[in-house]
Amino acid sequence: MSEEHLCVRCARLGPTCCQSCQIYVGPGDAERISQYVGEPVEAFADFRYPDDPIYLTAHDDDPIWPRTVIREDGHRRVLNRRENGDCTFLGPTGCRLPLEVRPLVCRLYPYDYNQAGIKPRLASGCPVQLLPPGRSLLQELDMNLADAERWHRMLYDEILREPHARLDDLPPGVLPANGATNAATNAPAGEASGAGNGTSDAAAAAATEKG
Ligand code: SF4
Ligand code: SF4
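Now for the overall build of the protein chain. Regarding its fold elements, the protein chain presents seven helices and six strands. Starting at the N terminus and ending at the C terminus, the protein chain contains elements arranged as α-α-α-β-α-β-β-β-α-β-β-α-α. With 211 residues in all, the protein chain has 36% of them scored as buried.

Next up, the structure:
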């Protein structure tokens, strides 16, 4: 690994994913963060309209996402940000939340995904031009597919619990036969160095897609 973490070098280039993105907070995220910080969800998140309205129409391959995460008025629950755009949990040395408490979209980034699973191509927001020769982005971020798949299952289980979900509006066959996969098998993982948020390829440049 290079002497400096990729995310540190990324921050020198300009706003990072933790400084420029709206981060979706699902029902499970809200509970975990609330318990960790000792405050109600209203203290760190609120329902907001997307910075980039393309977010509302960028889910053709993921019909469950807009019907669970996004309310009918286009708002979804996202982390608060400071006036300069920084995530409310961004500290001087990175995220102040332990990995197992961070929003699932943060844990998953830069993996890209839909309900069917993790996509083969990563999201495009990380500065891959800064990678040391011979190192992959996932190696530099200390990420692996097994963790990503587990967090993906948690995410798609937990969005079904959104109080504003409109599941009766889903096309046939989209919901798993039992209504959800098994969230109980998704034990928290250990700490890792990556930070970020989820994106989808339809609007990766805006870096706000799953957030
Ligand atoms: S995860 Fe990617 S975009 Fe986010 S800070 Fe690290 S290198 Fe930058
Ligand atoms: S990784 Fe942490 S600091 Fe970065 S956007 Fe997610 S919660 Fe905020």
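Now that the structure has been shown, we can carry on.
Moving on to the site of ligand 2. In the vicinity of ligand 2 lie 13 residues, with C18, C87, L90, C95 and C106 positioned nearest. The residue inventory of the shell around ligand 2, partitioned by class, reads 11 nonpolar, one polar and one charged.

A few words now on helix α1 (residues 6-13). Along α1, the residues that are buried comprise L6, C7 and C10. Buried residues of α1, viewed axially, fall in a sector of 90°; they line one side.

Moving on: the nonpolar core. With 33 residues, the main nonpolar core has I23, L79, V105, L108 and Y109 as its most contacted residues. Of all the secondary-structure elements, those providing two or more residues to this core are α2 (17-20), α4 (64-68), β2 (76-79), α5 (104-108) and α7 (145-158). In this structure, C7, C10, C126 and M143 belong to the second largest nonpolar core, which totals six residues.

A word on the pairing of β2. Residues R76 and V78 line one face of β2 and the alternating positions R77 and L79 line the opposite face, and both faces are buried. Summarising the sheet, strand β1 (residues 45-48) and β2 pair through four bridges and their orientation is antiparallel. Paired with R48 across the bridge in β2 is R76.

The residue I64 is located in helix α4 in this model. Overall, I64 belongs to the buried group, with 20 C-beta atoms counted inside 10 Å. Residues I64 and L175, spaced 111 residues apart in sequence, show a C-alpha to C-alpha distance of 7.9 Å. Contact partners of I64, with chain neighbours within four places excluded, come to Q115, L170 and V174.

A word on the confidence of the model for the protein chain. Caution is warranted with low-pLDDT regions, since their predicted coordinates should not be read in detail. Mean pLDDT over the protein chain: 85, with 82% of residues reaching 70 or higher. Scored below 50 in pLDDT, residues 180-209 makes 89 contacts in the model with residues more than four places away or belonging to other chains.

Note that F47 resides in strand β1. C-alpha separation for the pair F47 and Y24, spaced 23 residues apart in sequence, amounts to 9.4 Å. Not counting the four nearest positions on each side in its chain, F47 is found in contact with R71, H75, R76 and R77.

With that out of the way, let us pick up the environment of R71. Relative to the helices and strands, R71 is located in the loop between α4 and β2. R71 gets classed as partly exposed once you count the C-beta atoms within 10 Å, which come to 17. Beyond its immediate sequence surroundings of up to four residues, R71 is in contact with F47, R76 and H164.

Rules behind the numbers
- Residues numbered from 1 in each chain as written.
- Chains lettered and ligands numbered in written order.
- Predicted model: local features only at pLDDT ≥ 70, side-chain atom pairs only at ≥ 80, totals over all residues.
- Helix = DSSP H or I, 4+ residues; strand = E, 2+ residues; numbered from the N terminus.
- Buried ≥ 20, exposed ≤ 12 C-beta atoms within 10 Å, placed from the backbone.
- Near = placed C-beta within 6 Å.
- Nonpolar A, V, L, I, M, F, W, Y, C, P; charged D, E, K, R; others polar.
- Arc of directions from axis to C-beta.
- Core = buried A, V, L, I, M, F, W, Y, C linked by C-beta atoms within 7 Å.
- Pairing = 2+ DSSP bridges.
- Contact = placed C-beta atoms within 7 Å.
- pLDDT = per-residue confidence, 0-100.

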